[in-house]
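The chain contents come next:
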Amino acid sequence: MNIRTRLTLLFTVVVSLLLLLFCVSLYMVSAEFRQREYRERLRAEATTSVELLFGRETLSPELFKLLDRNHMTVLNDEEIIIYNYQNKIIYESGTDFLNVRKADLDRVRLTGEAFWREGDREIIGIPYNDARNRFVVFASAVDKYGFSKQRTLALLLVVGWLLGTGVVALTGYYFAGRALQPIQRILGEVDAVTASSLNQRLHEAPNDDELTQLARRFNRMLDRLEEAFRMQRAFVSNASHELRTPLTAITGQLEVALLANDDPDELRETIHSVLDDVRGLNRLANGLLSLANVSLDESAVKMQPLLADELVWQVRQTLLKQHPNYTVLVLLPDQQADWQLVGSESLLQSACYNLLENGAKYSPDHRVTAQLSATVEAITIQVHNDGAPLDADELPELFKPFRRGSTGRGISGHGIGLSLTERIVRLHRGRISVESSADTGTVFTLVLPRKQSH
């Protein structure tokens, strides 16, 4: 069952129940009003009858019965019975419609008035007292016209309820279809989105209802998917290119070695060259794996408290072991600052290592400076080197995979480190920027929030 049918059924059931409740209430109120009105008429008929027969100005019983037989009264199938204080009948209209029991007489004498119904016949019993007599008068009749009106009203209510339910069902089905038209349009637009047409977007209405919000969020998801596919294609293309270069060099060197005529020095030199290329290839492969393994999904990364100053000192020690000729200075202007933050220690070590190694590599004297500062919200790490300045149009491209600045010519590298660092920083909800000029050198600024926002 689709949503349109479910909405129609739900709307129809709710409105139909409300209509039914209204119709039943109207019928019950009408029935109560008819009974109360007819009860008053029976009481008036009983009082009038006893006063005409035994009041100050009386009619003879024979005349009264004659009037009754000729339908001079207003009630249908009327019967009047009057009892004296000895429970003896002193007047009876003679139609024999009513059978009064002694319990009925006792109830009238005790309660003052009794009203009940036997089939369609309604009966009232009232006491009537004057200076000389104590009577109990029973009047009964059939509200023929009242019941006829009641049945007509019931028929009209049933027909009206059925027609109303049908109209509600039809209009509900129509308006449910109208309300779900945007969803049908969204379904058609979603079906048109394929792997080869990720640039298509859903239509966003000018209003801000739930469907517009859904289309907007779906478009944002498509933006992320398109970016992921674009990065994947660029990654595969660039990785293939970068891997092809050292493999071609290794292949050429091995082919040359085969033609070396067993000269040991030449073979040894070729082997050393191949070994350097293999090591470079190994570093490239490790960088590619690290770049591929860093996910933008924070739930896949274990976050824990750590100290930023200790992290930088550990990275400095690791870098100096691998490059003894490098000089790494760590500046802590505020020794008493709180350096604690939340993050992945291994990933942040990799990010800091890439920044420090990159700074020392491009500095003429292989000297790099890391300065830490702390605020209540974040910790900032600035990495500075005095290498050749970069052009302003090159700065935005530094954090893209396999992109290197113009100053990197002649220096080994594959353009992976800064891209990996930028992804790690985004994973930690931080930001990284770079400034470069001839006066100040090149400065990378890394800002990491103390708490991870979701």
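As shown above, the structure is provided for reference.
Residues numbered from 1 in each chain as written. Predicted model: local features only at pLDDT ≥ 70, side-chain atom pairs only at ≥ 80, totals over all residues. Heavy atoms only, no water.

Asker: I'm lost on unusual backbone geometry in this one. Help?
Answerer: Glycine aside, residues mostly have negative phi, and peptide bonds are mostly found in the trans state. We note that D77 has phi near 50°; this positive angle belongs to a residue other than glycine. Mapping D77 onto the fold places it in strand β1 (residues 76–83). With a relative accessible area of 36%, D77 lands in the partly exposed category. Even without being glycine, N87 reaches a positive phi, approximately 60°. In this structure, N87 sits in the loop between β1 and β2 (89–92). (Helix = DSSP H or I, 4+ residues; strand = E, 2+ residues; numbered from the N terminus. Buried < 20%, exposed > 50% of the residue type's maximum accessible area, 1.4 Å probe, protein only.)

Asker: Before we go on, may I ask you to explain helix α3 (residues 102–111) in this structure?
Answerer: Within the span of α3, buried status applies to D104, L105 and V108. Angular distribution of buried residues about the axis of α3 spans 100°; they occupy a single face of the element. Facing away from the buried side of α3 by more than 90 degrees, the exposed set consists of K102, L110 and T111. Packed against the buried residues of α3 are β1, β3 (114–118), β4 (121–129) and β5 (134–142). Within two residues after α3, G112 carries a phi angle of roughly 95°, on the positive side. (Arc of directions from axis to C-beta. Contact = heavy atoms within 4.5 Å.)

Asker: Could you clarify how one ought to interpret the nonpolar core in this entry?
Answerer: Nonpolar side chains in soluble globular proteins generally cluster together in the buried interior. In this structure, L356, L372 and F444 are the most contacted members of the largest nonpolar core, which totals 41 residues. Counting only elements with at least two residues in this core, the list comes to α7 (308–322), β7 (327–331), α8 (345–362), β9 (367–374), β10 (378–385), α9 (417–427), β11 (431–437) and β12 (441–449). The element best represented in this core is α8, accounting for eight residues. Counting 17 residues, the second-largest nonpolar core is a separate cluster that includes I82, F115, I124 and A139. (Core = buried A, V, L, I, M, F, W, Y, C linked by side-chain atoms within 4.5 Å.)

Asker: Got a minute to help me understand the sheet that holds β11 in this structure?
Answerer: One key point about sheets: their strands pair by backbone hydrogen bonds, in either a parallel or an antiparallel sense. Across the sheet, which stays open at both edges, the five strands sit in the order β7-β9-β10-β12-β11 with mixed pairing between neighbours. The open sheet has two edge strands, β7 and β11, and neither has a second partner. Each adjacent strand pair in this sheet contributes to an overall mean axis angle of 15°, direction not counted. Here β10 pairs with β12 via eight bridges, running antiparallel. (Pairing = 2+ DSSP bridges. Axes fitted to C-alpha atoms, helices over the stretch in contact; angles between N-to-C directions.)

Asker: Help me understand a nonpolar patch on the surface in this model?
Answerer: Taken together, V13, L17, L20, V24 and M28 make up a surface patch of nonpolar side chains, about 450 Å² in accessible area. Positionally, M28 belongs in helix α1 (residues 3–54). Judged by relative accessible area, which is 52%, M28 ranks as exposed. (Patch = residues over 30% accessible without salt bridge, like charges linked within 9 Å, V, L, I, M, F, W, Y side chains within 5 Å. Areas by Shrake-Rupley, 256 points an atom, 1.4 Å probe, with all protein chains shown as cover. Salt bridge = Lys/Arg side-chain N within 4 Å of Asp/Glu carboxyl O.)

Asker: Help me understand the pairing of β1, please; the structure alone is not making it clear to me.
Answerer: Regular strands show a simple pattern: their side chains alternate between the two faces of the sheet. Burial of β1 is extensive: six of the eight residues sit out of reach of the surface. Note that β1 and β5 share six bridges and pair antiparallel. Bridging across to β5, N76 finds its partner in V142. In this structure, β1 lies alongside β2, joined through three bridges in antiparallel fashion. In the sheet register, I81 faces β2, and the bridge partner there is E92. As consecutive antiparallel partners, β1 and β2 are separated by five residues, and within that stretch N87 has a phi angle of approximately 60°, a positive value.

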